[in-house]
Amino acid sequence: MTLPEVQNAISKKKICVLIPTYNNEKTLKRVIDDVLDYTKNIIVVNDGSTDSTKQILRQYTQINVISLLENRGKGNGLNIGFRKAKESGYNYAITIDSDGQHYPDDIPVFVEALLNEKEDVLLIGNRNMSQDGIPKKSSFGNRFSNFWFWFETGIKLEDTQSGYRLYPLHRIPKKYFTPKFEFEIEIIVRTAWRHVQVKNVPIKVLYDPAERVSHFRPFKDFTRISILNTILVMITLLYIIPRNFVDNFKKKSIRKFIKEDVMASDGTNRTKAFSIALGVFIGLSPFWGFHTLLVISLAVLFKLNKVLAFMASNVSLPPFIPFIIAASLFLGTPFVHTDSNILNQELNFELVKNNLLQYVIGSAILAISLSAIAGITTFLFLNKVNPENN
């Protein structure tokens, strides 16, 4: 794209550039000057800087400057900037760090990628993390973040930590729980949960130890990120995956669901059969309250089909629970010295509690037997209707 084309697209799409800054006096002026080559739609959030940042920003009367009295973290600064951008009528915000690692001449990359999309998209700059000069801790942190983002959203990206991004302002959440570096993880995960596309675009990156000032605190911030990911994983397992499954199921007929989500889903017939077997096994096991967490975690661990495993685990829906418990007690009877008339008693929690060993043994037998039958039956059925997918 030519410069006039980029400038016109920025104006037409109502894009602004948001620059959060904190004590980056060495590089801030260069970043702002280079961004001004493309647009005057600039919002700078001065997050309580104590260096000469305030004096530098006084030179720019044509841009919007928000000055915070004290430093509260990058996430807080971005959130304030997003609110200001929406109030100013912008639809998109390109965020660029003020430490000089990002090249403003990559702005056209984001603009062109946005123009090529038919729907709203959140774009993240993909840095070449293998190039010389990239700190090893940054490379490791990026791989760590990429894995958990994939686990929480099902989207595979090569770079999830770059702060050079384009946000669809009217599709991101309005409220957030994290104020610092972990904010940039929270916002992309929660935006993806809203069914917004999240994609990488290639960008350049510069790590100059003489100029760059990093405010990332390895122990404190990595701990905060780990806590956030733990919470996001729990929400994913207990709410997001079941929600997506139910929503997907509601949109389709039973026949279409089986055809697209079972027959045409990823994985071989053997993988699908093992996924069904795992779901049935967990669903019949005595891990009440943890079935979804266990089945999704194990499906991810063994690279099975999460949808099929979750679907099969619902064999223990409430109407079937009394029959499952009764069958478990019956199957466990030969292995424990107990009252042979146990099934003639009232089926309740006290009965299970007083015959816990019998119930656990019986449920293990039931889970193993029916999961094996379900897995074998599924495999034979899939081999018959789709023999090529082996």
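Please read these numbers as outputs of a predicted model, since none were measured by experiment. (Residues numbered from 1 in each chain as written. Predicted model: local features only at pLDDT ≥ 70, side-chain atom pairs only at ≥ 80, totals over all residues. Heavy atoms only, no water.)

Remarks on the overall build of the protein chain
- Along the protein chain, the regular secondary structure elements total 15 helices and 7 strands.
- Across the 390 residues in the protein chain, those meeting the buried criterion constitute 46%.
- Partitioning the intrachain contacts of the protein chain with sequence separation of at least 6 by distance along the chain shows that 73% fall at a separation of at least 24.
- Put simply, the protein chain shows about 20400 Å² of open surface, and 59% of that area lies on carbon and sulfur atoms. (Helix = DSSP H or I, 4+ residues; strand = E, 2+ residues; numbered from the N terminus. Buried < 20%, exposed > 50% of the residue type's maximum accessible area, 1.4 Å probe, protein only. Contact = heavy atoms within 4.5 Å. Areas by Shrake-Rupley, 256 points an atom, 1.4 Å probe, with all protein chains shown as cover.)

A look at the packing of helix α13 (residues 321-332) against helix α15 (residues 356-385)
- The N-to-C vectors of α13 and α15 enclose an angle of 100°; their axes lie 7 Å apart at closest approach. Classed by the angle they form, the pair α13 and α15 counts as roughly perpendicular. Across the interface between the two elements, Ile 324, Ile 325, Ala 327, Ser 328, Leu 329, Leu 331 and Gly 332 of α13 pack against Gln 358, Tyr 359, Gly 362, Ser 363, Ile 365 and Leu 366 of α15. (Axes fitted to C-alpha atoms, helices over the stretch in contact; angles between N-to-C directions. Parallel < 35°, antiparallel > 145°, perpendicular 65-115°, else oblique.)

Considering the pairing of strand β4 (residues 92-95)
- Side chains of β4 alternate between two faces, with Tyr 92 and Ile 94 and Ala 93 and Thr 95 buried alike.
- Pairing geometry for strand β1 (residues 15-21) and β4, over 4 bridges, is parallel. By the bridge assignment, Cys 16 is partnered in β4 with Ala 93.
- Sheet analysis places β4 next to strand β6 (residues 165-168), joined by 4 bridges and oriented antiparallel. For Tyr 92, the partnering residue across the bridge sits in β6 and is Pro 168. (Pairing = 2+ DSSP bridges.)

With respect to the packing of aromatic side chains
- Applying the stated criterion to the full structure yields 9 aromatic pairs.
- Measuring from centroid to centroid gives 4.9 Å for Phe 147 and Trp 148, while their planes differ by 75°, and the two rings are edge-to-face.
- The partly exposed category is assigned to Phe 147, whose relative accessible area is 38%.
- When its relative accessible area of 23% is taken as the criterion, Trp 148 is described as partly exposed.
- Measuring from centroid to centroid gives 6.4 Å for Phe 147 and Phe 151, while their planes differ by 40°, and the two rings are tilted. With Phe 147 and Phe 151 both in helix α6 (residues 136-153) and 4 residues apart, this pair spans about one turn of that helix.
- Overall, Phe 151 belongs to the buried group, its relative accessible area being 12%.
- Counting every residue linked through ring pairs, the aromatic cluster contains Phe 144, Phe 147, Trp 148, Trp 150 and Phe 151. (Phe/Tyr/Trp six-rings, centres within 6.5 Å; stacked < 30°, edge-to-face > 60°.)

So yeah, pure geometry; function would need other evidence.
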